[in-house]
Structure formats: structure tokens, C-alpha cells
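Chain by chain, the residues run as shown.
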Amino acid sequence: MLIRTRPGWELPESAVTPEKFYLNRRQLLAAAGFLGVEGLMADTAKRNPEFADATKLTPEFAATGYNNFYELHPTDKEKAKDLGDKFITEPWSFEVSGLVNKPKKYDLDDIRKRMPMEERIYRFRCVETWAMVVPWTGFPISQLIKEVEPKPNAKYLRFVTANRPDQFPGMKMAPFYPWPYHEGLRMDEAMNPLAMFVTGIYGKPLPKQNGAPLRVVTPWKYGYKSIKAIVKIEFTEKEPPTFWNKLQSSEYGFYSNVEPGKPHPRWSQANERLIPTGERQKTLQYNGYEKYVAGMYNGKEF
Ligand SMILES: Nc1nc2c(c(=O)[nH]1)N[C@H]1C(S)=C(S)[C@@H](COP(=O)(O)O)O[C@H]1N2
Ligand SMILES: [Mo]
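Just so you know, these numbers come straight off a predicted model, no measurement behind them. (Residues numbered from 1 in each chain as written. Chains lettered and ligands numbered in written order. Predicted model: local features only at pLDDT ≥ 70, side-chain atom pairs only at ≥ 80, totals over all residues. Heavy atoms only, no water.)

1. A look at the overall build of the chain
Cut-off, in case you're wondering: Helix and strand labels come from DSSP, where a helix needs a run of H or I of at least four residues and a strand needs a run of E of at least two; each type is numbered from the N terminus. Only protein chains enter the calculation, and the probe is 1.4 Å; a residue is then buried if its accessible area is under 20% of its type maximum, exposed if over 50%, and partly exposed in between. By definition, residues are in contact when any of their heavy atoms lie within 4.5 Å. Throughout, the Shrake-Rupley method with a 1.4 Å probe supplies accessible areas, and for residues the shown protein chains are the sole cover considered.
A tally of regular secondary structure across the chain gives nine helices and 13 strands. Every one of the 302 residues in the chain was classed for burial, and the buried ones make up 54%. Here the analysis covers contacts within the chain between residues at least 6 apart in sequence; of these, 73% occur between residues at least 24 apart. Within the structure as shown, the chain displays about 13,700 Å² of accessible surface, and the carbon and sulfur contribution to it stands at 55%.

Next up, the structure:
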């Protein structure tokens, strides 16, 4: 059994914002035209009906107040939200390089205007066994991949987070980590329709602690695959090394798919607890996205 302590800010279930309120608020804001240009772009993204199940939707204060973003704080999930003051997210550009016909430096504002932005509600499962249900705004990674035309020998994507010790207090608190944070996906995983580049949550631009202004979300994988604050995307032939695998290769593999039957060496992955209520539930194979992703795997991936 895992012993769970209840952080002070956790509320009883009765206090959680009902989904109705969240939806009404968005509709009201949109109708009243109260949103700035930035907010409007994110807010008017249509919800994809295939990913509209708001059952157990995490209240916004919890998804934006309990974060793993080691660049902001390497240990305290409730402090990340208060440590983003120095982190400059505008303007933002990212570089696409490596095995592509059209390498390019992208301006984020430009790509936001051109890409088919949509909102999707996805379950989100951290390897540490906490879980959320979050409305993300963004576009499929496949859209960008098609645009840069990968060469035939491009088999993986490598993602890199901004390397800014002066803007990220957590980098100085944990100098022994293999910064900058880096992650990767196999080409077919990145092309999978579920894999998203995300620029917003709850109909608003991404807060810094959630990975502003551009992050990955792969809902069938443990949360650490969802790299934040991306400045570089490189197409490679070989499987790229990853931050967590470098730190502890026996515990964090490249694939890191959510598999309740495969325990972490130090804990079971069979169950999860929802933030902020602490409600426990069974973890689903591929976090419930089996029908979309099972075909890519043979069960031996780690
Ligand atoms: N650059 C960067 N990306 C990161 C992390 C990080 O520390 N740095 N933490 C990861 C982990 S462990 C998780 S669980 C998710 C958390 O995302 P959230 O804070 O939006 O819930 O971000 C992932 N992406
Ligand atoms: Mo995580």
C-alpha cells in the first residue's frame, strides 16, 4: 500500500468546481467578448467531440497549481506556479532541424494562426501515480511533421526545453540534472492522431508552470514524456536519449507507456489518485487510449 499524505490545499470532493460552472463560464466569456486577442485565439478553439468527456474534469486551480516543472522547482509541485516570474515566453520561436527537407525556425504566433487549433479533454497520468483530466488546446504534432517533410531515414523526434538558468530557478537548485530537459518520440508515435502540441489549457494560454508557451501532450504515456517549453525539435535516425532515462535508466524507459500491469521498480502502477480529491481509481492500459495506440506496440516496449 502506498501511504498518502494530504497536502493542505487539497479540498474535499464537495468543494471541487463542478464541470457545469467551467463550461458556462467559458460560454459566457466568449459571448460577452471579454477575451483579449491571445485569450480569444485559445478560447475559440472548437472542442473535438471525440475527446469531450469531462467526467472527473480536474478543476483549473488544481491543474495549474500542482505541477512537475523541474526548471521552476525540482521538488515542490505547489511552488512551481509562483516561480515563473523571470521566465520570458514572448516572443517564442523554436527550431526544427535534422533529417527533414525543410528545416525551419518557427515563430510560435505564426504557427498558432495557421494550425487547426482544437480543444481536447485528455486523461493525464504521472508516473508517480497522480492523475488529472485536463482540457488542452493545441494541434496534432502530425501537422507540423508533414510541413517539414521528414527524410526517409528520420525515425525519431527529439524535443528540447529552453536552457535558461537565469530564468529557471529550479535549474540552479538542481545543477546535477542533465539539463536542458529533453525527450523523444518514435515517428509513428508522433504521427499518431492523439499526439498534440499544446499551447493552452482551460481555454486560456498555457500558464508558465504548465509548460508555456508550447509543450507536447501524449496522453497514453506517463506525464514526463509531455515535455514543456520546447525550443527545438530534431528529426533523428537513432532513438534519442531522454532526461529521465539518463537519470535512472532502470526506472524510466524511452517508451514509458502507461501500463498498469508493469509495476515501477519502487511502486505499483495498478491504481492512481485524482488531483485534487485524492479519489483512487484503477489505471487503464495505455491510460484508456488502447484503441488508438495499441497497434503501434508489441508489449515489450519499456
Ligand atoms: N521541461 C520539462 N518538461 C516536463 C517536466 C519538467 O520537469 N520539465 N516534467 C514532466 C512531468 S514529470 C510531468 S508529470 C508533466 C506535468 O505536467 P503538468 O504540470 O502540466 O501537469 O510535465 C512533464 N514535462
Ligand atoms: Mo511526472
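2. Brief notes about the site of ligand 1
Convention followed: Residues are classed as near a molecule or strand on a simple rule: at least one heavy atom within 4 Å of it. In protein, a polar contact requires one atom able to donate a hydrogen and another able to accept it; more generally it is a pair of N or O atoms within 3.5 Å, and residues adjacent in sequence count only if both atoms are side-chain atoms. Buriedness of a pocket was judged along seven lines, with at least five required to meet protein on both sides within 12 Å; pockets are open sets of points on a 1 Å grid over the protein atoms alone, cavities are sets where a 1.4 Å probe fits but cannot get out, and lining residues have an atom within 4 Å of a point. Throughout, a molecule is located in a cavity or pocket provided that more than half of its atoms lie within 2 Å of its grid points.
The local shell around ligand 1 holds 17 residues, among which Y70, E71, R215, S226 and K228 are the closest. Between a nitrogen atom of ligand 1 and a main-chain N or O atom of S226, the distance comes to 2.8 Å. Side-chain polar atom of K228 to an oxygen atom of ligand 1: 2.7 Å apart, as the coordinates give it. Protein chains bury 98% of the 540 Å² of accessible surface belonging to ligand 1 in isolation. Spatially, ligand 1 is embedded in the largest pocket.

3. Some words on the layout of surface pockets
Rules: Grid points are joined across faces, edges and corners, and a volume is the space filled by probe spheres set on the points. Throughout this entry, Asp, Glu, Lys and Arg are counted as charged residues, while Ala, Val, Leu, Ile, Met, Phe, Trp, Tyr, Cys and Pro are counted as nonpolar. The remaining residues, Gly among them, count as polar.
By volume, the largest pocket is sized at about 420 Å³. Forming the boundary of the largest pocket are 28 residues, of which N68, F69, W130, G223 and Y224 lie nearest the centre. Considering each element in turn, the lining of the largest pocket owes the most residues, four residues, to strand β5 (residues 130–140). A class-by-class count of the residues in the lining of the largest pocket yields 18 nonpolar, six polar and four charged.

4. Focus on unusual backbone geometry
Of note, the amide linkage connecting E90 to P91 takes the cis form, showing an omega dihedral of -5 degrees. Relative to the elements of secondary structure, P91 occurs in the loop between α3 (60–63) and β2 (93–98). A212 connects to P213 through a cis peptide bond whose omega is -10 degrees. Here P213 lies in the loop between β9 (204–205) and β10 (215–217). Positive phi outside glycine occurs at Y202, with the angle close to 50 degrees. Looking at the element boundaries, Y202 is found in the loop between β8 (196–201) and β9.

5. Notes on the nonpolar core
Quick reminder of the rule: By nonpolar core we mean a set of buried residues, namely Ala, Val, Leu, Ile, Met, Phe, Trp, Tyr and Cys, connected to one another through side-chain atoms within 4.5 Å.
Formed by 79 residues in total, the largest nonpolar core has its most connected members in F197, I233 and F235. Leave out the neighbours within four places in its chain, and F235 touches V96, S97, G98, L99, V100, I145, V148, P150, A154, Y156, L157 and M187.

6. Some remarks on the sheet that holds strand β11 (residues 230–236)
The line we're drawing: Pairing between strands is defined by DSSP: at least two bridges between the two strands are required. Orientation is described by lines fitted to C-alpha atoms, with helices fitted over the stretch in contact, and by angles between N-to-C directions that extend from 0 to 180 degrees.
Spatially, β3-β2-β11-β6-β7 is the arrangement adopted by the five strands of the open sheet, whose pairing is mixed. A strand with exactly one partner marks an edge of an open sheet, and here the two such strands are β3 (104–107) and β7 (182–186). Pairwise comparison of adjacent strand axes, ignoring direction, gives a mean angle of 20 degrees for this sheet. Here strand β6 (residues 156–161) runs beside β11; their pairing, made up of six bridges, is antiparallel. Each bridged residue has a counterpart across the sheet, and for Y156 the counterpart in β11 is T236. Strand contacts of helix α5 (residues 141–148): β2, β3, β6, β7 and β11, with the helix running at about 140 degrees to β3, the strand carrying the most contacts.

7. Considerations on the pairing of strand β12 (residues 271–274)
Where a strand is regular, its side chains alternate between the two sheet faces. Pairing analysis gives two bridges linking β5 to β12, with the strands arranged parallel. Directly across from A131, in β12, lies its bridge partner L274. With three bridges joining them, β12 and strand β13 (residues 280–282) adopt antiparallel strand pairing. Within β13, the position partnered with R273 by the bridge is R280. Linking β12 back to β13 in an antiparallel pair, the connection comprises five residues, with G278 at a positive phi of about 85 degrees.

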